[in-house]
Amino acid sequence: MGILQVNSVNKSFRGLRALNDVNLEVDEGRVHAIIGPNGAGKSTLLNCFVGRLVPDTGSVIFDGYSLVGLAPHQINQTGVVRVFQTPEIFGDLSLLENMMIPALTRRDGAFALRGWQRADAQSSVIASAEHMLEDVGLADKRHVIAGTLSRGDKRRLELAMCLVQEPRLLLLDEPTAGMSRADTNNTIELLKRIAGRGLTMVIIEHDMHVVFSLADRISVLAQGTVIAEGEPAQIKGDPRVREAYLGGAQL
Ligand code: ADP
Ligand code: MG
């Protein structure tokens, strides 16, 4: 049984059926990509996972927790962490200071902040923040003000801010959107490395190079409906998928 189970999710906006009976199962430790043309419902689906939107009907179960109806911070506490499409960082703070915020509030914010009074807790939180910066290749910039970073580095910082929360499910909405080819390739390598440690990921992505480099499994959404689901090789050859993409992204 998958660690994330999405059962018959429906979501409409004023009569527009954005999600139509969506079913999805993500196995623990795998990378599951959701692809589909613009307006297919991908972001709507992700928003239903993190509590930004509530499905009209259907269920979202993560590791036994029913997520529908939980507030975003409660969902975060179950270990579901989302990487935003545009970096949500604090431009006036250093990289290390940026890292301290999610590091201190992970899982149980109040407890973590109380624990911060203890000197040993401070050094271990700083150590994990520094370790994560090193992991994404930003260790030598830890005292730089985040607002001055390049776009690619900002996205790496944001990824580190997500990873320091020790997620059990990482959700990524177009992690390479707007990146140069070189930055995209760096991001692919970084995400591959993280996936290699067994972190479960759901990734929404337009760039087929990224999808086929990372995904263990792919669901294809078109007009709110899952029109195909399978291993990357199956999806590549699926005529319905080619049809949905005609005139759009290349497979
Ligand atoms: P994708 O991420 O696949 O491009 P979205 O999930 O953003 O697609 O959108 C799916 C459909 O739902 C689109 O037709 C979009 O216009 C519509 N939609 C998304 N969010 C809202 C909203 N908050 N209010 C009204 N319509 C929305
Ligand atoms: Mg979207």
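Note that the structure is a prediction, hence the values are computed from the model and not measured.

**Some points on the overall build of the chain**
- Of the regular secondary structure elements, the chain holds 10 helices and 10 strands.
- A compact globule built from 251 residues should have a C-alpha radius of gyration of about 18 Å, and the chain, at 18 Å, falls within 12% of that.
- Taking the principal axes of its C-alpha atoms as reference, the chain extends roughly 55 × 40 × 35 Å.
- Restricting the contact set of the chain to residue pairs at least 6 apart, pairs at least 24 apart contribute 66%.
- Of the roughly 11800 Å² of accessible surface on the chain, 49% is carried by carbon and sulfur atoms.
- Averaging the coordinates of the 26 positive side-chain charges in the chain and doing the same for the 29 negative ones gives two points 2 Å apart.

**Here we look at the site of ligand 1**
- Near ligand 1 you find Phe13, Leu16, Ala18, Pro37, Asn38, Gly39, Ala40, Gly41, Lys42, Ser43 and Thr44, and these make up its full shell.
- At 2.9 Å, a backbone N or O of Ser43 approaches an oxygen atom of ligand 1.
- Thr44 has a polar side-chain atom sitting 2.6 Å from an oxygen atom of ligand 1.
- Put simply, the parts of the chain that give the shell around ligand 1 at least two residues each are β2 (16-26) and α1 (42-50).
- Taken together, the residues of the shell around ligand 1 break down into 5 nonpolar, 5 polar and 1 charged.

**Description of the packing of aromatic side chains**
- Counted by the stated rule, this structure contains 0 aromatic pairs.
- Stacked on the ring of Phe212, the Lys or Arg Lys236 has its end atom at 4.6 Å from the ring centre.

**Here's the deal with the domain arrangement of the chain**
- Domains assigned within the chain are domain 1 (1-79 + 168-251) and domain 2 (88-166).
- The C-alpha centroid of domain 2 is placed 26 Å from the C-alpha centroid of domain 1.
- In this complex, domain 1 contributes 21 residues to the contact, which on the side of domain 2 involves 13 residues.
- For the pair domain 1 and domain 2, the number of links is 3 salt bridges.
- On inspection of domain 1 and its partner domain 2, the count reaches 6 residue pairs in polar contact (both at pLDDT 80 or more).
- Taken together, the elements giving at least two residues each to the side of domain 1 that touches domain 2 come down to α2 (72-77), β7 (169-173) and α7 (181-196).
- Per-element accounting of the side of domain 1 that touches domain 2 gives the leading share, 6 residues, to α7.

**Observations regarding the side chain of Thr187**
- Position of Thr187 relative to the elements: it lies in helix α7.
- Those residues within four positions of Thr187 in sequence are excluded, and the remaining contacts are Pro175, Thr176 and Met179.

**Some thoughts on the pairing of strand β1 (residues 4-13)**
- Pairing of β1 with β2 involves 7 bridges; the strand directions are antiparallel. Bridging across to β2, Lys11 finds its partner in Leu19.
- What sits between β1 and β2 in their antiparallel hairpin is a turn of 2 residues, with Arg14 showing a positive phi close to 40 degrees.
- Where β1 meets strand β4 (residues 57-62), 5 bridges bridge the pair, whose relative direction is antiparallel. By the bridge assignment for β4, Val6 is matched with Val60.

**Structural notes on the nonpolar core**
- Counting 48 residues, the largest nonpolar core has Ile35, Met99, Leu157, Leu159 and Leu170 as its most contacted members.
- Sequence-distant contacts of Ile35, defined by excluding residues within four places in its chain, comprise Lys42, Glu205, Met208, Val211, Ile218, Ser219, Val220, Leu221, Ile235 and Tyr245.
- Grouped together as the second largest cluster of nonpolar side chains are 25 residues, Val6, Ile34, Ile75 and Ile204 included.

Definitions and cut-offs
Residues numbered from 1 in each chain as written. Chains lettered and ligands numbered in written order. Predicted model: local features only at pLDDT ≥ 70, side-chain atom pairs only at ≥ 80, totals over all residues. Heavy atoms only, no water. Helix = DSSP H or I, 4+ residues; strand = E, 2+ residues; numbered from the N terminus. Rg over C-alpha atoms; globule rule 2.2 N^0.38 Å. Contact = heavy atoms within 4.5 Å. Areas by Shrake-Rupley, 256 points an atom, 1.4 Å probe, with all protein chains shown as cover. Lys, Arg positive; Asp, Glu negative; His and termini not counted. Charge placed at Lys NZ, Arg CZ, Asp CG, Glu CD. Near = heavy atom within 4 Å. Polar contact = N/O pair within 3.5 Å; in protein donor to acceptor, adjacent residues only side chain to side chain. Nonpolar A, V, L, I, M, F, W, Y, C, P; charged D, E, K, R; others polar. Phe/Tyr/Trp six-rings, centres within 6.5 Å; stacked < 30°, edge-to-face > 60°. Lys NZ or Arg CZ within 6 Å of the ring centre and 35° of its normal. Domains from an automatic or database assignment. Salt bridge = Lys/Arg side-chain N within 4 Å of Asp/Glu carboxyl O. Pairing = 2+ DSSP bridges. Core = buried A, V, L, I, M, F, W, Y, C linked by side-chain atoms within 4.5 Å. Buried < 20%, exposed > 50% of the residue type's maximum accessible area, 1.4 Å probe, protein only.

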